[in-house]
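Here's the letter readout for the chains.
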Amino acid sequence: MSHKRFLSIYDEYADDLLSYGYGLGFAKEDIEDTLQDVILNLYRNDPQLKDVRNVKVYLFTALKNRLMNTTRRQRMDSLDDGTGQFDVSVTVSDLVEDEEERRQLKLRVELGLAQLTPRQREAVYLRYIQELDYDDIARLLQMTKPSVRNLVSKGLMEMRRQMAAKDFLLLLLMI
């Protein structure tokens, strides 16, 4: 892999990968170390990438797998069974001009997300924040595509139930 391509991939995905690692509940230092390992491994194993359909999903999967391997089996089980954490920090776009209103909407959206199971939060995050398609999310979460669709749908329905109609409509416009 050329240095230019390698740096381009790093620049394009590093922030998203760090955010994903934070969402999974890992410490900043662990995420940064693991991300460096994943990116270095990508550089070393470039010939293997010719069969990779989606580099972003490949990197998300590699990061999650490597982070999981660095923790105890109990931590991995808690994430897989939905009892672990998946935290999302919401960025409210310029759809709301007033700073105080923007802050309030951000808080209400985060409260709506907090009502979801960690697995639902992760699926909604991957679908709407990272804009992955359902096939890619299914591979990443080791689920079937219909299960992922169901998980995202139930998450959105729960958020709709928890949030005021105006807030939910703004959320849909943001995502």
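Preceding block: the structure.
These numbers come from a predicted model, not from an experiment.

> Run through helix α1 (residues 3–23), naming residues and quoting values.
Helix length check: α1, at 21 residues, gives a terminal C-alpha distance of 29 Å against a target of 30 Å (1.5 Å per residue), a fit within 8%. The largest bend in α1 is about 45 degrees, located at tyrosine 13. Buried within α1 are the following residues: Phe6, Ile9, Tyr13, Ala14, Leu17, Leu18, Tyr20, Gly21 and Gly23. Buried-residue contacts for α1 involve α2 (28–44), α3 (55–69), α6 (118–129) and α7 (134–141).

> Would you mind going over the packing of aromatic side chains in detail, with residue names and values included?
Counted according to the given criterion, the structure contains two aromatic pairs. Seen from their ring centres, tyrosine 20 and phenylalanine 60 are 4.9 Å apart, and the 40 degrees between their planes marks the pair as tilted. Here tyrosine 20 is found in helix α1, whereas its partner phenylalanine 60 is found in helix α3, with 40 residues between them in sequence. Pair check on accessibility: tyrosine 20 and phenylalanine 60 agree, each one buried. With 6.2 Å between their ring centres and 10 degrees between their planes, tyrosine 20 and tyrosine 125 make a pair best called stacked. Placement of the pair is tyrosine 20 in helix α1 and tyrosine 125 in helix α6, with a sequence separation of 105 residues. A relative accessible area of 7% places tyrosine 125 in the buried class. Above the ring of tyrosine 128, the side-chain terminus of arginine 127 is found at 5.7 Å from the ring centroid.

> Run through the pattern of salt bridges, naming residues and quoting values.
Taken as a whole and assessed by the stated rule, the structure comprises seven salt bridges. Glutamate 122 serves as the salt-bridge partner of lysine 64, at 3.1 Å between the closest nitrogen and oxygen. A residue pair is termed long-range when its members are at least 10 positions apart, and lysine 64 in helix α3 and glutamate 122 in helix α6 qualify at 58 residues. The exposure class assigned to glutamate 122 is buried, which follows from its relative accessible area of 3%.

> Give a detailed account of the packing of α1 against α3, specifying residues and quantitative values.
Axis separation between α1 and α3 bottoms out at 10 Å; the angle between their running directions is 45 degrees. For the element pair α1 / α3, the angle class is oblique. The element α1 and its partner α3 pack so that their crossing is right-handed. Counted together, Ile9, Tyr13, Asp16, Leu17, Tyr20 and Gly21 of α1 and Val55, Lys56, Leu59, Phe60, Leu63, Lys64 and Leu67 of α3 form the full contact between these two elements. Among the residues making up the contact of α1 with α3, the classes are represented as nine nonpolar, one polar and three charged.

Parameters and conventions
- Residues numbered from 1 in each chain as written.
- Predicted model: local features only at pLDDT ≥ 70, side-chain atom pairs only at ≥ 80, totals over all residues.
- Heavy atoms only, no water.
- Helix = DSSP H or I, 4+ residues; strand = E, 2+ residues; numbered from the N terminus.
- Expected span 1.5 Å × (residues − 1).
- Bend = angle between axes of the 7 residues up to and from the residue.
- Buried < 20%, exposed > 50% of the residue type's maximum accessible area, 1.4 Å probe, protein only.
- Contact = heavy atoms within 4.5 Å.
- Phe/Tyr/Trp six-rings, centres within 6.5 Å; stacked < 30°, edge-to-face > 60°.
- Lys NZ or Arg CZ within 6 Å of the ring centre and 35° of its normal.
- Salt bridge = Lys/Arg side-chain N within 4 Å of Asp/Glu carboxyl O.
- Axes fitted to C-alpha atoms, helices over the stretch in contact; angles between N-to-C directions.
- Parallel < 35°, antiparallel > 145°, perpendicular 65-115°, else oblique.
- Left-handed = near helix turned anticlockwise from the far one by under 90°.
- Nonpolar A, V, L, I, M, F, W, Y, C, P; charged D, E, K, R; others polar.

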